[in-house]
Amino acid sequence: QVQLVESGGGLVQAGGSLRLSCTASGRTFSSYAMGWFRQAPGKEREFVAAITQSFGNTYYADSVKGRFTISRDNAKNTVYLQMNSLKPEDTAVYYCAADRWFIAAKVADRHEYNYWGQGTQVTVSS
């Protein structure tokens, strides 16, 4: 079991930056693949980025590639999402997710993640 708590959301102007954090409980954080998803009003929850357990391989949605960076600090049980050059279409609730098993072909499938945080709101004004 792992519990996830996100922080760092807020209101920012277009072109600005935010860094989201997700801190996990427990002593086995390093054995979990971590992901970030987001959900805008009236839309499906969509994949944003993921990072693997062992080698820290990263994966990104095309819509955020080159603007967002996912990273993890296993000593702090924390995964980060650095978001630069934010756009109004990035406005959403951002969720942290975790799972012990990682399959690269399913990295963007939210059903592959068993643990979720409560979400943090990110609003980008134009």
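From a predicted model like this one, the values you see are computed outputs, not experimental measurements. As a convention, each chain's residues are numbered from 1 in the sequence order in which they are written. Where totals are concerned, whole chains, interfaces and linings use all residues; where local detail is concerned, this predicted model gives features only for residues with pLDDT of at least 70, and gives and counts side-chain atom pairs only at 80 or more. Note: side-chain values were computed over all heavy atoms of the structure, leaving out hydrogens and water.

Colleague: Any chance you could explain the overall build of the protein chain here in plain terms?
Modeller: Check the secondary structure of the protein chain and you find zero helices and eleven strands. Each helix and strand of the protein chain, placed in order from N terminus to C terminus, yields the pattern β-β-β-β-β-β-β-β-β-β-β. As defined in this context, the radius of gyration uses C-alpha atoms, and a globule is described by 2.2 Å times the residue total to the power 0.38. In terms of overall size, the protein chain behaves like a compact globule, its C-alpha atoms giving a radius of gyration of 13 Å where 126 residues would be expected to give roughly 14 Å. Overall size of the protein chain, expressed as C-alpha extent along the three principal axes, is 40 × 30 × 25 Å. For the protein chain, the residues scored as buried account for 44% of the 126 residues in total. Contacts spanning at least 24 positions in sequence make up 60% of the contacts within the protein chain whose residues lie at least 6 apart. Of the accessible surface of the protein chain, which amounts to about 6,600 Å², a share of 47% is contributed by carbon and sulfur atoms. Positive and negative charge centroids in the protein chain, built from 13 and 10 side chains respectively, lie 5 Å apart. Secondary structure elements are taken from DSSP: a helix is a run of H or I of four residues or more, a strand is a run of E of two residues or more, and numbering for both begins at the N terminus. Remark: exposure states derive from per-residue accessible area (1.4 Å probe, protein chains only) relative to the maximum for the residue type, with buried under 20%, exposed over 50%, and partly exposed in between. A contact between two residues is defined here by any heavy atoms of the two lying within 4.5 Å. Accessible surface is estimated by sampling points in the Shrake-Rupley manner with a 1.4 Å probe; for residues, cover comes only from the protein chains shown. Residues scored as charged are limited to Lys and Arg (positive) and Asp and Glu (negative), so that His and the chain ends carry no count. For this purpose, a charge sits on NZ of Lys, CZ of Arg, CG of Asp or CD of Glu.

Colleague: Even after reading the chapter, I still don't get the pairing of strand β7 (residues 68–73), so can you show me in this structure?
Modeller: The two faces of a sheet get side chains in turn, since along a regular strand they alternate between them. A one-sided burial pattern is seen for β7, the buried positions being F68, I70 and R72 and the unburied ones T69, S71 and D73. For two strands to be treated as a pair, DSSP must find at least two bridges joining them. The loop that links β7 with its antiparallel partner strand β8 (residues 78–83) comprises four residues; one of these, N77, has a positive phi angle of about 55 degrees.

Colleague: Just checking my understanding: could you explain the side chain of D90 for this structure?
Modeller: Along the chain, the position of D90 falls in the loop between β8 and β9 (92–99). A polar contact of 2.9 Å, which involves the side chain of D90, links it to the side chain of R38. A distance of 2.8 Å separates a polar atom in the side chain of D90 from the backbone nitrogen of K87. If we ignore the near neighbours within four places in the chain, the residues touching D90 are R38, R67, F68, S85, V122 and V124. Counting of polar contacts relies on pairs of N or O atoms within 3.5 Å, with two restrictions inside protein: one atom must be capable of donating a hydrogen and the other of accepting it, and residues adjacent in sequence are counted only when both atoms are side-chain atoms.

It is worth stressing that arrangement in space is one thing and function is another; only the former is reported here.
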